[in-house]
Amino acid sequence: MELPNVVNSVIREFEGKRPLPKDGAHLTVSRTISVLAVLYEKVRNAVEFRAEHLIRRAAIERILKRRILLNGGSTTIAENLVIELLWARYIDSSLIDDLKIRDIQKIIERYLAVKHAVFDRGSKPKSVTWDDVLGVASSEIEETLVSPNKRDALNSLFYQAIRPKVTIAGRDETFVNVQTYVAVERSFAQSDDALISYHLMKLVDPGWFTAGPPVDATAVSAFMHAYTGVHQALHDPVGEGIYRFARRLTPAFLLIRDLFYDQGAEVRKTIEDPVVLEQKLAGLAAKKYQEIGTKVRRAVIRSFIYIFLTKMVFAFALEAPYDLYIAKKLLPIPLTINMLFPPILLILVAGFIRVPAGDNTKRLTERIQKILYRFDTLKDETDLYTGKKTERRPILMAVFTAIYILTFGATFYLIHLGLTALQFNIASQIIFFFFVALVTFFAYRIRQSAREYEIVEHQGVLEPVVDYLFLPILRAGNFLSAEIARLNVFLFVFDFILEAPLKVIFEVIEEWIRFVRLKKEEIV
């Protein structure tokens, strides 16, 4: 069977040989330290709401930031970074050798040149921070450690499927290409800004990734100029509409991704037999539907931990001092409601999440068959994005907007009256509003992640009404979540108070275990 060229290119990537273990000596770490490091990472990651496939890159950035802060321009940063990643089992030691460590050290020195030339001086750029640059550095290091080729091939498949559908009047082709690529990364690959910035930098300033060391001032200037443009592209308001459009098209491509990773080098045989392909897709879809329950439970547990720890901070910083020193009394009803209502609400919402039905699998299969066998016909479909706003009746829209504003105010006012009747003081009410909004937003995100394979959308009779009533609370939760992510007290405690001394202890124990092992070998 003759498959489209774009599909063949992805298949060839999965048919390629797996990376072989490196010859020679490898870095080894103590299993005892590894167990402790893995436990620490699990606890630390529980207080940060981050997608699982982004945790390793974030860990590299975090370790790199600490090592540079403590060790400056040390020539051992790369080795120490790799050791910490091995402790936490983020990477496989069999794929790491001295050459790989030297490559990583060169990458670090390249970005240190930016730090010394730009951020260690008085005049710092307004829109770009050192943390932004570290995000690009950590992304490059991760892809040096773990090949991104398969992931990139699947991203390219999705990009080539939707790019012909996107046109924006008054914008040149380069602009549309970049914004479509950003939408693909955010919707399909679910990348964060650091990873997207790195991928765009490879397109905009490829010379940077082969520069030095030493890195001259011209290369640094070119990097900063290119990154400023990338930063602007990431935050262009045009991208939001393309992202929403791309997200609606992801379900079939997500199952295609699962098919490729499931079949590996045998994926061509599966695709070339339509009957086998249909069977495999049905089995994979059923498996993914079953995993939704596990995924939801895991997300709920992580939300519980996050909310519980945040509640502790509010209790000690606001609620308890207000009750003890201003109100002069502890009220049991508000305290109990604030403690129990948010988790109960989260459980209730999670309990109503439904698994896609059989008709969804049928539609997914039909869509995937069209993508894999008739890819070139996708550009002729009528679902296009033009960036033009649909013309609406201005008077009607003004009425709806007024009703929405009134609903927004009435929702919070009615909750305020109910809480006042239950003897909530101002501090208890603030905490109630805060956590209900936060839980509502988390529940919405969990529900959206559970629907990622849903191509047939089932909407209950009352769902639009419920969505409308909860919309003010959801919007408030979205705002609070973004602000808390910037001011996460627990991340500060973990990253700047606990982690540095803890990793020093790990290093000492590691050396002690190595010393004991050497002495034991001398006896034997």
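Scroll up for the structure.
A brief look at the structure comes next. On a predicted model such as this, the values are computed, not experimentally measured, just so you know.

The next subject is the packing of aromatic side chains. Inspection of the entire model under this criterion finds 16 aromatic pairs. Measuring from ring centre to ring centre gives 6.3 Å for phenylalanine 223 and tyrosine 227, while their planes differ by 20°; the resulting arrangement is stacked. Pair noted here: phenylalanine 223 and tyrosine 227 are both in helix α10 (residues 217–234), with a separation of 4 residues, about one helical turn. When the ring of phenylalanine 424 is compared with that of phenylalanine 432, the centres are 6.0 Å apart and the planes differ by 75°; the resulting orientation is edge-to-face. Take phenylalanine 424 and phenylalanine 432: they sit in the same class, and that class is buried. Pairwise contacts between aromatic rings join Tyr111, Trp208, Phe223 and Tyr227 into one cluster. It is arginine 171 that lies over the ring of phenylalanine 175; its NZ or CZ is 4.2 Å from the centre. The ring of phenylalanine 188 is capped by arginine 257, whose NZ or CZ atom sits 5.6 Å from the centre of that ring.

If you look at the biggest cluster of nonpolar residues, it comprises 129 residues, and the most contacted ones within it are Leu64, Tyr111, Val114, Ile141, Phe260, Ile271 and Leu372. Sorting elements by how many residues they give to this core places helix α18 (residues 426–450) first, with 13 residues. Ile33, Trp87, Phe506 and Ile513 belong to the second largest nonpolar core, which has 6 residues in total.

The next point concerns empty space enclosed by the protein. Under the criterion given, the structure shown has 1 cavity of 30 Å³ or more. Here the largest cavity defines a volume of roughly 30 Å³. Taken together, Ala161, Ile162, Lys165, Leu249, Phe253, Arg367 and Leu378 make up the full set of residues lining the largest cavity. Looking at the lining of the largest cavity residue by residue, the class counts come to 5 nonpolar, no polar and 2 charged.

Rules used in this analysis
Residues numbered from 1 in each chain as written. Predicted model: local features only at pLDDT ≥ 70, side-chain atom pairs only at ≥ 80, totals over all residues. Heavy atoms only, no water. Phe/Tyr/Trp six-rings, centres within 6.5 Å; stacked < 30°, edge-to-face > 60°. Helix = DSSP H or I, 4+ residues; strand = E, 2+ residues; numbered from the N terminus. Buried < 20%, exposed > 50% of the residue type's maximum accessible area, 1.4 Å probe, protein only. Lys NZ or Arg CZ within 6 Å of the ring centre and 35° of its normal. Core = buried A, V, L, I, M, F, W, Y, C linked by side-chain atoms within 4.5 Å. 1 Å grid on protein atoms, 1.4 Å probe; cavity = no way out; pocket = protein on both sides within 12 Å on 5 of 7 lines; lining within 4 Å. Points joined across faces, edges and corners; volume = space filled by probe spheres on them. Nonpolar A, V, L, I, M, F, W, Y, C, P; charged D, E, K, R; others polar.

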